[in-house]
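Spelled out, the chains give:
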Amino acid sequence: MNFKNLLPPKLPADHSPAIAIQFKKYGIFIAFLLICILLTIATPNFLTLQNIVMVLRQISINGILAIGVTFVIISGGIDLSLGSVVALSGVAAASFAHPGTYGLFVPLLVGLLIGVTIGTVNGLIITKGKVAAFIVTLGMMTIARGLALVVSDGRPVSNLSDSFNFIGGGEFLNIPIPILLFGAVILIASVILKYTKTGRYVYAVGGNENAAKASGINVNSIKLFTYIICSGLAGLAGIVLASRITTGQPNAGVAYELDAIAAVVIGGTSLSGGSGKIIGTVVGALIIGVINNGLDLLNITSYSQQIIKGLIIVGAVLLDRKN
Amino acid sequence: MNQPWLLKAENISKSFPGVKALDKVNLTIEGGKVHTIIGENGAGKSTLMKILMGILLPDEGEILYKGVKVKLMSVQEAIKTGISMIHQELLPFPELSIAENIFMGNEPTSRIPGWINKREMNKNAALLMNKLGAKVDVTRAMKELSIAEMQMVEIAKAISNQSEVIIMDEPTSALSNREIAILFSIIEELKQQGIAIIYISHKMDEIFKISDTITVMRDGKHITTCAINAIDQKKLISLIVGREINSIFDKKENTPGEVILSVTELTGEKFKDINFNLRRGEILGIAGLMGSGRTEIVNSIYGLEKIVKGDIFINGKKVKIRSPKDAIKNSIGLVSEDRKKYGLVLGSSVKHNISLSSLEKCKNGLFLNLKEENEIANAQINKLNIKTSSSDQLANYLSGGNQQKIVIAKVLLNDADIIIFDEPTRGIDIGAKSEIYKLMTQLATEGKALIVISSELPEILGLSDRILIIREGEIKAELSQAEATQELIMKHAMA
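Values in this document were obtained by computation on a predicted structure and should not be read as measured data.

Criteria and cut-off values
- Residues numbered from 1 in each chain as written.
- Chains lettered and ligands numbered in written order.
- Predicted model: local features only at pLDDT ≥ 70, side-chain atom pairs only at ≥ 80, totals over all residues.
- Heavy atoms only, no water.
- Helix = DSSP H or I, 4+ residues; strand = E, 2+ residues; numbered from the N terminus.
- Rg over C-alpha atoms; globule rule 2.2 N^0.38 Å.
- Buried < 20%, exposed > 50% of the residue type's maximum accessible area, 1.4 Å probe, protein only.
- Areas by Shrake-Rupley, 256 points an atom, 1.4 Å probe, with all protein chains shown as cover.
- Lys, Arg positive; Asp, Glu negative; His and termini not counted.
- Charge placed at Lys NZ, Arg CZ, Asp CG, Glu CD.
- Contact = heavy atoms within 4.5 Å.
- pLDDT = per-residue confidence, 0-100.
- Pairing = 2+ DSSP bridges.
- Axes fitted to C-alpha atoms, helices over the stretch in contact; angles between N-to-C directions.
- Salt bridge = Lys/Arg side-chain N within 4 Å of Asp/Glu carboxyl O.
- Expected span 1.5 Å × (residues − 1).
- Arc of directions from axis to C-beta.

Caption draft 1: Examining the overall build of chain B more closely. Regarding its fold elements, chain B presents 17 helices and 22 strands. For chain B, the C-alpha radius of gyration of 24 Å lies close to 23 Å, the compact-globule estimate for 495 residues. Once the C-alpha set of chain B is aligned to its principal axes, its extents read approximately 70 × 50 × 50 Å. When burial is assessed residue by residue, chain B has 56% of its 495 residues classed as buried. Total accessible area on chain B stands at roughly 21300 Å², and carbon and sulfur atoms take up 49% of it. The centroid of the 63 positive side-chain charges in chain B is displaced by 2 Å from the centroid of its 62 negative side-chain charges.

Caption draft 2: The environment of A:Val185, seen in detail. Residues and elements named next belong to chain A. Relative to the elements of secondary structure, Val-185 occurs in helix α7 (residues 177-195). For Val-185, a relative accessible area of 10% corresponds to the buried category. Here the alpha-carbon distance between Val-185 and Leu-149, two residues 36 residues apart in the chain, equals 28 Å. With near-sequence residues (within four places) excluded, Val-185 lies in contact with Ile-64, Ile-67, Leu-233 and Leu-236.

Caption draft 3: Structural detail: the confidence of the model for chain B. Taken as a whole, chain B shows an average pLDDT of 87; of its residues, 95% reach a score of 70 or greater. For this predicted complex, the interface score ipTM comes out at 0.83, alongside a pTM of 0.78.

Caption draft 4: The pairing of strand β3 (residues 34-38) of chain B, seen in detail. All names here are of chain B. Along β3, 5 of the 5 residues are buried, which leaves the element largely enclosed by surrounding structure. Pairing of β3 with strand β8 (residues 196-200) involves 4 bridges; the strand directions are parallel. Looking across to β8, one finds that Thr-36 is bridged to Tyr-199. The sheet contact formed by β3 and strand β9 (residues 213-218) spans 4 bridges and is parallel. Bridge assignment links His-35 to a residue of β9, and that residue is Thr-213.

Caption draft 5: Main features of the sheet that holds strand β14 (residues 309-314) of chain B. Residue and element names in this part refer to chain B. Pairing within the open sheet is antiparallel, and its 4 strands lie in the order β12-β11-β14-β15. The sheet is open, and its two borders are formed by β12 (274-279) and β15 (317-319), each paired with just one other strand. Neighbour-to-neighbour, the strand axes of this sheet turn through a mean angle of 20°, independent of strand direction.

Caption draft 6: Representation of unusual backbone geometry. All names here are of chain B. Of note in this structure, Gln-162 is not a glycine but carries a positive phi near 55°. Secondary-structure assignment places Gln-162 in the loop between α5 (147-160) and β7 (165-169). Of note, the phi angle at Asp-273 is positive, near 50°, even though the residue is not glycine. One can find Asp-273 in the loop between β11 (259-267) and β12.

Caption draft 7: Structural context of the sheet that holds strand β20 (residues 449-453) of chain B. Residues and elements named next belong to chain B. Strands sit in the order β16-β19-β20-β13-β21-β22 across an open sheet of 6 strands; the sheet is mixed. Of all the strands in the sheet, just β16 (332-335) and β22 (474-480) have a single pairing partner and so form its edges. Averaged over all adjacent pairs, the angle separating strand axes in this sheet is 20°, with direction ignored. For strand β13 (residues 283-288) and β20, the ladder comprises 4 bridges, and the chain directions are parallel. Along β20, the bridge assignment pairs Leu-284 with Ile-451. Sheet strands in contact with helix α14 (residues 400-413) are β16 and β19 (418-422), and its direction is about 175° off that of β16.

Caption draft 8: Seen up close, the pattern of salt bridges. All names here are of chain B. By the definition in use, this model includes 29 salt bridges over all chains. Two residues, Arg-140 and Glu-144, come together in a salt bridge whose shortest N-O distance is 3.4 Å. Taking the relative accessible area as the measure of exposure, Arg-140 reaches 26% and is therefore partly exposed. A salt bridge links Glu-423 to Arg-294; its shortest N-O distance comes to 3.0 Å. Taken as a pair, Glu-423 in the loop between β19 and α15 (430-445) and Arg-294 in helix α9 (residues 294-301) lie far apart in primary sequence, 129 residues in all.

Caption draft 9: Region of interest: helix α5 (residues 133-152) of chain A. All names here are of chain A. Across its 20 residues, α5 extends 28 Å between first and last C-alpha, which sits within 8% of the 28 Å expected from 1.5 Å per residue. Along α5, the residues that are buried comprise Ala-133, Val-136, Thr-137, Met-140, Ala-144, Arg-145, Ala-148 and Ser-152. Down the axis of α5, the buried side of the element spans an arc of 165°, and every buried residue falls inside it. Within α5, the exposed residues directed more than 90 degrees away from the buried face are Thr-142 and Val-150. Where α5 is buried, its residues meet α3 (82-95), α4 (105-127) and α10 (219-244). Of the residues one or two after α5, Asp-153 is the one with positive phi, at around 60°.

Caption draft 10: Molecular detail of the confidence of the model for chain A. Put simply, chain A has an average pLDDT of 88, and 91% of its residues get 70 or more. Residue range residues 1-17 of chain A is modelled with pLDDT below 50. Its contacts to residues more than four positions away, or to other chains, number 38 contacts.

So, in structure tokens, the structure goes:
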């Protein structure tokens, strides 16, 4: 029977919205703390400075990707091409990063520009061409992967300059550079979403595109902006990855977009758009990272790890829906 | 039937955190009668209907159906018991056929298990639709139908479920007068067959036309139930609001100023050669049946719809409006007829909805000044008397009237000089209605220019200084406030 329409709106009326919102706000933090406490009890090495820094460095790439895709998802879109953009920008940047060639600035610019360009193409086809984001970015996923293989002739691009390798491997004030970059991205993204007009419009477009348009918002340019931010950050992540493994790998980053989307969803952002927070995504990425790390520390095989990770992703979202 | 009544709700109470939505409410529904339930938004009508449909469980009280106590735990059980509901916002399966929609969940099966007997389904569907006087091809897809036809399908579905109590929630809100007449004749037909109709509406004229019995609810309480001919409109309104309302229209003589908006030979896909002037301080009414092109005209002025030909002048200067953004720049505001689609971001807060079009006003350099935004939003909440627990409450949780006030607040914040109100009071209770009317008259007095579109003729007549009547996409008549009557408007609108 078609009585769906009789059901109360998304949030049932007999729940106090204030309480629901409170739980939504903190539930994910509580879950994260619980996991940390459990791992602290179960393993001696979890709560050590060395391990914490390692976890943070490990999640910084997924974290940067997840923050980018948070913009897209809040605006009601999706981006599946991230992993391939990571590979393409990494390979391209690495090609300009051999010692004694172009210095540091050119490879960085190339990597970022590739991300921005792909984001622009994605965004334009989605807005002007009115093709579903899923399809466009699915196509872009294989195109960018293909480009990465073509550019590198299918071979890893190695022999990179020390200055380039410093991005992924170096430290500043004893903090690894990837963590600092991740921190900067968190800060800037949070400010954009909360304190700028553009950020507010991203929520409005995802919440109700028609109303956003009728309120005088240029919906297409907001969507374009989110895809550019998203792919641009994927470009940055590609540079960090290539630098960390000191190689531009055309096969790197496979399925990275899925980990990024998982972090966003665990962080409480709805895939239907209109809501979500950067801090949620960060905690989502932390949860994934801590679980990976914890399962390693517990000597659980990487095969079983995948099962557990999947269960936790679905479980986290299930809990979120229940509340 | 042994009992004179079909459905009885006794001492029904239901509380939500902080509110007693229903307080020992009694309701007796008799077969073959139209029982109207009326009350302001928040009076408890929809909670009561949700309980009758098995969507909510009462905290206290009993429901009896044909003398037997029933416990309605789900919509399916309510339907099995014999209660169906035609919801205000129809959400059928758009890609499926009429027949498939009617028999959704109840398909005639063939000998092979799991297979649908399509021939029988189509035959029965055609029979049902014929019975309702709708001669349509039942294999047509639902999405091709008008709202009136979809409603017919929903009624057919209720009949096919052998429902004896049919709840109709504001069934006429999206219908033209001609379609309303057809609906009413169907309701008469259903009454003849002993079916009870629970009718929910805010429209006074149709309530007096169609009802046999009326129940008034206020603040979750049952106020009175009586035969319709035992009450008049004035008395009814005073029972609904709990106070006497002398006149809900506060119409003053306006002295319109200079022309602020004029359109010449404006032509779009659904209208052509529209010419009119709008003056400061004037309220221009646009009347016409649903589908006459009236909404398309104002939408095109607001940049929501394409203009094929013709010009728009603001303060005598020709302007190009390609998007709502352009319209807002030219100080035009629109309160759309569809506030859920074009008016609100329901999942966002009241505050963010109000400020959405005017974030420029709460900016310090690159960044938003959230404190200032909060102040601006709260000022609007107070000014328009928007009832909300806080400015951070999600728009979704507010009643229709308060949601509409959010949309109006947003438009007012833009400093629009020309404000278009398309069906400004659809689905809104009478208290909020009169507040919105007052606001509109006040805006005109302040020198704003208003356009109002409404299907409710008393509204158009009560507000407008001048009325344009649209039929088939053209202006067929222009009436001054003095000469306009409901009959005259309908004559031009229907012809």
